[in-house]
Amino acid sequence: MIKVLFFLLLSSLTISAQLKVGDIASDFQLMNTDDKNVSLADYPNAKGFIVVFTCNHCPYAKMYEDRLIDLHKKYASKGYPVIAINPNDPDVVPEDSPAEMKKRSKSKKFKFPYLFDAKQEVYVKYGATKTPHVFLLDKNRMVKYIGAIDDNPREEKQVKEKFLENAVSSLDMGKDPDPSVTKAIGCSIKKKS
Amino acid sequence: MDVLVGMGKYLFLIISWTFFSTGFSQIQEPKSIVLDDLLTLMAKNDDTIRVFNFWATWCAPCIKEWPYFQKLSENSSDKKLKLWMISLDDARKLKSKVVPFLQKHQYTASVLLLNETRPNVFIDAIEPAWLGAIPATLIIYKGKRCFAEKEFHSQAELNDWIENCTNFKN
C-alpha cells in the first residue's frame, strides 16, 4: 500500500513539472547571443514577460520570427519584453547551435534576448514541448497564458485571433487572459540522446 | 542518317519507359482534405484498427520514423489495420515537397494532406491530449483511443505500442 502511494506521489510529481496557468515559473540564467547571461531578475521594471521557446531550424518557428520582432517592438516599451529561448540540442540539430543563433539574431536584428538552454533544464521546468511555445508571465512570474502566438501560422494577414497580444492586453488591464491556453503545431524539442 | 537519329530517339523513349515502369513506379498525388473529412474517417466504428500518423516533410523525426510506418502499411494488407499518414505540410507545397518526398522513397502508404490553417481549432478536434508537436500518432479501435506524441525509434517499438493499444481485455 505504501509502495502504491509512493508511486502515485512520484507520478503526480512528474506531471506537476509542467507549468499550468496560475503556477509560478522559475527564473533562469542563460547565455544570450552576446555571450552575457540573462535572467528575468535583470528586468526589475518589467510588468511581465513573453517567454517564447523557439529555434532557428523549425519552419513554424521561422514563420513567427517577424511576428516576434513586432511583438517585442510593440510591448517591450510597455513593460512586456520578449525573452526567446532555444531549447534544442545542437548535436541533434546543428542549425540550432549558439553560433547559428548569433548569426540569426544578427541577420534578423533581434532586439530581444535569444538565449540558449544549454543544459536543457529550463524547457523541462516550464513544460515546453515544441517550438514555438509561449509562456506569458506577470511580473511575479505567475503564468498567465500558455500556447500559441496567434491562430494562423502560415498567413499572418489572415490571422483572426491574436491570442498572445490579447493575453498581454488583458494582463496589462489586470484581467485574466481568455483563452488562457491555446494550441499550435510545432517542432518537437530535440533532446540530447 | 535522320532516320537513324529518329529511331534512336524512339529507342531511348522505349528504354526509359521500361526502366521507369519496372523499377520506379509513379506515386499517386495525395489527396488534400479538410478537418471534417478527417473526423469522418476517424469516426468509423468497426473492427478495423485505424492508425493516424501526423507528420510533415520538414519534420526530421517524422522522416526518421516513416520507414516503420511504411512497413506497417505493407504488412497490413489484410485490412485489419488501416494506416493514414496525415501530412501537415503547407497545401501549396503538395506538388513541390510532399510528392517528390514520397516518390524519392517509393513510399506507398496512404497519405492525405490536412489543409487546415488554424491549429488551435484542429488539434483539439483531432485529439484533446495532443499538445501540437509532431510526430504524433493516434490509434482508434473499437471506440477507444491511444495517442503518442513522440517519435518511434524502431519497428519493434511501433509494433509493440500498437499491440498494447489494441489488446483490450473486453
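Residue positions within a chain follow its written sequence, with the count starting from 1. Chains carry letters from A onward and ligands carry numbers from 1 onward, assigned in written order. Residue-level local features of this predicted model are given only where pLDDT is at least 70; pairs of side-chain atoms are given and counted only at 80 or more, and the full residue set underlies all totals for whole chains, interfaces and linings. To obtain the side-chain values, all non-hydrogen atoms of the structure were included, while hydrogens and water were left out.

**Q** Before we move on, can you summarise the state of the cysteines with the specific residues and values?
**A** Whenever a pair of cysteine sulfur atoms sits within 2.5 Å, that pair is classed as a disulfide. A complete count under the given rule lists three disulfides over all chains for this structure. The disulfide partner of Cys58(A) is Cys187(A), and the S-S distance across this bridge is 2.0 Å. Torsion about the S-S bond of the Cys58(A) and Cys187(A) cystine: about 80°, corresponding to right-handed handedness. With Cys58(A) in the loop between β3 (48-53) and α2 (59-63) and Cys187(A) in strand β9 (residues 186-188), this pair connects stretches of sequence that are 129 residues apart. Of the two residues, Cys58(A) and Cys187(A), both sit in the buried class. Covalent S-S linkage joins Cys59(B) and Cys62(B), the inter-sulfur distance amounting to 2.1 Å. Each helix is a run of DSSP H or I of at least 4 residues and each strand a run of E of at least 2, with the numbering of both proceeding from the N terminus. Under the scheme applied here, a residue whose accessible area is under 20% of the maximum for its type counts as buried, over 50% as exposed, and between as partly exposed, the area being computed with a 1.4 Å probe on protein chains only.

**Q** I'd like a rundown of the pattern of salt bridges, residues and numbers included.
**A** Residues and elements named next belong to chain A. Whenever Lys or Arg places a side-chain nitrogen within 4 Å of a carboxyl oxygen from Asp or Glu, that contact is recorded as a salt bridge. Counted according to the given criterion, the structure contains 21 salt bridges over all chains. A salt bridge links Asp172 to Lys47; its shortest N-O distance comes to 3.3 Å. In this pair, Asp172 is assigned in helix α6 (residues 163-172) and Lys47 in the loop between β2 (37-38) and β3, connecting sequence segments 125 residues apart. Where Glu100 meets Lys103, a salt bridge forms, and the shortest distance between an N and an O atom there is 3.1 Å.

**Q** Account for the sheet that holds strand β5 (residues 133-134) of chain B, naming residues and giving values.
**A** For two strands to be treated as a pair, DSSP must find at least two bridges joining them. Taken in spatial order, the three strands of this open sheet run β6(A)-β9(A)-β5(B), and their pairing is mixed. The outermost strands of the open sheet, each flanked by one partner alone, are β6 (130-131) of chain A together with β5 of chain B. Bridge count for β6(A) against β9(A) is two bridges, and the pairing is antiparallel. Across the sheet, Thr131(A) pairs through a bridge with Cys187(A), a residue of β9(A).

**Q** Could you give me a rundown of the environment of Cys55(A), with the residues and numbers involved?
**A** Residues and elements named next belong to chain A. Within the fold, Cys55 resides in the loop between β3 and α2. By relative accessible area, which is 2% here, Cys55 ends up buried. The spatial distance from the C-alpha of Cys55 to the C-alpha of Glu95 is 8.7 Å, given a sequence separation of 40 residues. With residues near it in sequence (within four places) discarded, Cys55 still touches Ala61, Asn86, Asn88, Asp96, Tyr114 and Thr131. It only takes one pair of heavy atoms within 4.5 Å for two residues to be counted as in contact.

**Q** Describe the interface of chain B and chain A, and please don't skip the residues or the numbers.
**A** Between chain B and chain A, the residue contacts involve 23 residues of the former and 21 residues of the latter. Values labelled buried area give the accessible surface lost by two parts on being combined, using a 1.4 Å probe and summing over both. Counting the surface chain B buries against chain A, the share from its top three residues, Trp58(B), Arg118(B) and Asn120(B), is 35%. Across the contact surface, chain B and chain A share three salt bridges. In this structure, Asp124(B) and Lys183(A) form a salt bridge, with 2.7 Å as the shortest nitrogen-oxygen distance. Any pair of N or O atoms that falls within 3.5 Å is considered a polar contact. Within protein, one atom must be able to donate a hydrogen and the other to accept it, and sequence-neighbouring residues count only if both atoms are side-chain atoms. Run the count over chain B and chain A and you get eleven residue pairs in polar contact (both at pLDDT 80 or more). Mapped onto the side of chain B that touches chain A, the elements with two or more residues apiece are α5 (119-126) and β5 of chain B.

In short, shape yes, function no, at least from these values alone.
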